[in-house]
Amino acid sequence: MVDGPLWLAPMAGITTPSVRLFQRRLGVSLVHTEMVSAFGLMYGGRKSAEILVPAEGEEPIVPQLFGPHGDCLLAGARIALEAYPFKVLEVNMACPMPKVTKKGAGAAMMDRPLEAFRAVRLLKGLGLPVWVKCRVMPGGFADTARFCGGLLDAGADLLMVHGRTASQRYEGKADVEQVIGLARSFPGLVVGSGDVFSASDVLRYLEGGCPAVLLARGFLRDPLLAWRCSTELGLNSSYPAVSPVEALVELGDMLFVREGERTCLLLVKRMAASALRGHPGDAERRNRMMGIKSWIELKGFIAGLEI
Ligand SMILES: Cc1cc2nc3c(=O)[nH]c(=O)nc-3n(C[C@H](O)[C@H](O)[C@H](O)COP(=O)(O)O)c2cc1C
């Protein structure tokens with residue numbers, strides 16, 4: 001199904017169709033939707049349904065659902081499949097945000113392994129491959145391996161493992177060694193996630209046995225990360241050699257046309273602020289940028305940045 005090891009992570013509020021299409025051009029070979037609430041789908045939520053609609057040219061695309069139990073995930077998955085003939089389904093058992101975990105969804109499913117395994121078994125009944133995104137567990141490798149083994153025994157076809165515990169959220173370093181240990185224990189079945197900021201980070205996961213790696217905050221900091229990794233690792237990327245500023249402007253134009261000015265401003269500002277971090281005078285320039293109200297003005301501002 002997938003031809004290449006650089007995959008775009010699911011990122012709520014970030015991996016919109018323009019971002020996904022742009023990353024595909026840079027060399028990413030598979031993209032995820034933002035996470036979608038299975039309950040939202042069940043109750044006819046417009047936002048949840050919208051998140052699921054892929055743009056032309058995005059395949060392969062993986063929809064990621066979250067929900068507190070298997071029945072809800074199954075109902076949500078059925079609705080997702082009516083909306084679009086996805087070829088795989090993914091369950092989010094990794095989100096640490098209280099608004100998700102307090103309802104028993106996301107990373108809270110890792111606290112209820114039997115329900116997590118049941119959810120996989122139910123989804124497998126739909127006849128598609130089922131993937132799970134989870135995290136490493138506070139108890140360490142043995143606990144995480146037991147949970148991952150249980151998911152695979154229940155029928156999961158692939159696991160994306162983020163090397164931070166849920167209580168770490170996005171702080172501290174990812175435990176890459178633990179993820180690599182899991183990849184060795186379950187050959188070909190563990191995709192690595194956590195602290196992917198360069199081609200050498202990608203290579204570490206691949207050489208450790210992961211079949212693919214998820215690009216996440218790395219591409220917020222460096223809009224050309226996927227292209228840089230593709231070229232340095234000798235993978236295919238037909239994207240021309242451009243500067244990060246040109247790349248950001250191109251992405252901004254796509255966002256403006258497809259998702260509208262509000263989303264365009266939000267995402268481009270977020271990426272430019274990440275890219276500016278550590279550069280001289282970054283705080284002052286970031287503050288100035290945050291006051292900008294139109295894409296035309298932001299485009300001019302970005303064109304003058306050295307990032
Ligand atoms: C803003 C943001 C939104 C995210 N949204 C999701 C999500 O919807 N589903 C998910 O499984 N992970 C989500 N993640 C986690 C990422 O997919 C990834 O696993 C994590 O950022 C670790 O990789 P990194 O250290 O390279 O950023 C999100 C992360 C961030 C920073």
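The shown structure was predicted, so the numbers you read here are calculated from the model rather than taken from an experiment. (Residues numbered from 1 in each chain as written. Predicted model: local features only at pLDDT ≥ 70, side-chain atom pairs only at ≥ 80, totals over all residues. Heavy atoms only, no water.)

Side note on the overall build of the protein chain
Step number 1: In terms of helices and strands, the protein chain carries 15 helices and eight strands.
Step number 2: For a compact globule of 307 residues, the expected C-alpha radius of gyration is about 19 Å, and the protein chain comes in at 19 Å, within 12% of that figure.
Step number 3: Here the C-alpha coordinates of the protein chain stretch approximately 55 × 45 × 35 Å along the principal axes.
Step number 4: Per-residue burial over the protein chain gives 56% buried out of 307 residues.
Step number 5: Just so you have it, the protein chain exposes about 13,200 Å², and 55% of that area is on carbon and sulfur atoms.
Step number 6: If you average the places of the 35 positive and of the 31 negative side-chain charges in the protein chain, the two averages end up 5 Å apart. (Helix = DSSP H or I, 4+ residues; strand = E, 2+ residues; numbered from the N terminus. Rg over C-alpha atoms; globule rule 2.2 N^0.38 Å. Buried < 20%, exposed > 50% of the residue type's maximum accessible area, 1.4 Å probe, protein only. Areas by Shrake-Rupley, 256 points an atom, 1.4 Å probe, with all protein chains shown as cover. Lys, Arg positive; Asp, Glu negative; His and termini not counted. Charge placed at Lys NZ, Arg CZ, Asp CG, Glu CD.)

Things to note about helix H12 (residues 244-258)
Step number 1: Given a rise of 1.5 Å per residue, 15 residues ought to cover 21 Å, and the 21 Å separating the end C-alpha atoms of H12 matches this to within 8%.
Step number 2: Pro244, Val245, Ala247, Leu248, Val249, Leu251, Gly252 and Leu255 are the residues of H12 that are buried.
Step number 3: On its buried face, H12 sits against helix H1 (17-26), helix H11 (225-232), helix H13 (261-276) and helix H15 (295-303).
Step number 4: At the C-terminal side of H12, glycine 260 shows a positive phi close to 100 degrees. (Expected span 1.5 Å × (residues − 1). Contact = heavy atoms within 4.5 Å.)

Quick word on the pattern of salt bridges
Step number 1: Evaluation of the coordinates by the stated rule reveals 14 salt bridges.
Step number 2: The shortest N-O distance in the salt bridge between arginine 118 and aspartate 71 comes to 3.0 Å. Placement of the pair is arginine 118 in helix H6 (residues 113-124) and aspartate 71 in helix H4 (residues 70-83), with a sequence separation of 47 residues.
Step number 3: Its relative accessible area of 29% is what places arginine 118 among the partly exposed residues. (Salt bridge = Lys/Arg side-chain N within 4 Å of Asp/Glu carboxyl O.)

Looking at the domain arrangement of the protein chain
A common way to express how large an interface is: the accessible area buried when the components associate.
Step number 1: Per the domain assignment, the segments of the protein chain are domain 1 (6-232) and domain 2 (244-303).
Step number 2: Relative placement of domain 1 and domain 2: their C-alpha centres are 27 Å apart.
Step number 3: Across the domain 1/domain 2 interface, buried area totals approximately 1,400 Å², and carbon plus sulfur atoms make up 70% of it.
Step number 4: If you sort the residues of domain 1 by the area they bury against domain 2, Ser18, Phe22 and Leu220 come out on top, with a joint share of 37%.
Step number 5: Linking domain 1 with domain 2 are one salt bridge.
Step number 6: Across the pair glutamate 250 and arginine 25 runs a salt bridge, and its minimum N-O distance is 2.3 Å.
Step number 7: Where domain 1 packs against domain 2, one counts four residue pairs in polar contact (both at pLDDT 80 or more).
Step number 8: The leading source of residues in the side of domain 1 that touches domain 2 is H1, at six residues. (Domains from an automatic or database assignment. Buried area = accessible area lost by both parts, 1.4 Å probe. Polar contact = N/O pair within 3.5 Å; in protein donor to acceptor, adjacent residues only side chain to side chain.)

Looking at the site of the ligand
Step number 1: Around the ligand lies a shell of 18 residues, among which Ala12, Lys133, Ser193, Asp195 and Arg217 are the nearest.
Step number 2: Taken by itself the ligand offers 610 Å² of open surface, and the protein chains cover 93% of this.
Step number 3: Residue classes in the shell around the ligand are distributed as eight nonpolar, five polar and five charged. (Near = heavy atom within 4 Å. Nonpolar A, V, L, I, M, F, W, Y, C, P; charged D, E, K, R; others polar.)

Some remarks on the UniProt feature "binding site: FMN" (unreviewed entry) in the protein chain
Step number 1: UniProt records the feature "binding site: FMN" (unreviewed entry) at Pro10, Met11, Ala12, Gln64, Lys133, His162, Ala216 and Arg217, using the numbering of this structure.
Step number 2: Tracing the backbone shows glutamine 64 in strand S3 (residues 61-66).
Step number 3: Given the relative accessible area of 2%, glutamine 64 is considered buried.
Step number 4: When sequence neighbours within four positions are dropped, the list of residues in contact with glutamine 64 reads Pro10, Thr33, Glu34, Met35, Val36, Glu90, Val91, Asn92 and Lys133.
Step number 5: On the secondary structure map, alanine 216 appears in the loop between strand S8 (213-215) and helix H10 (217-221).
Step number 6: Residues contacting alanine 216, with those up to four places away along its chain left out, are Ala9 and Met11. (UniProt positions renumbered as here; feature names shortened; annotations may be inferred.)

Some words on the environment of valine 62
Step number 1: As for its position among the elements, valine 62 is in strand S3.
Step number 2: Linking valine 62 and leucine 30, residues 32 residues apart in sequence, is a C-alpha distance of 7.8 Å.

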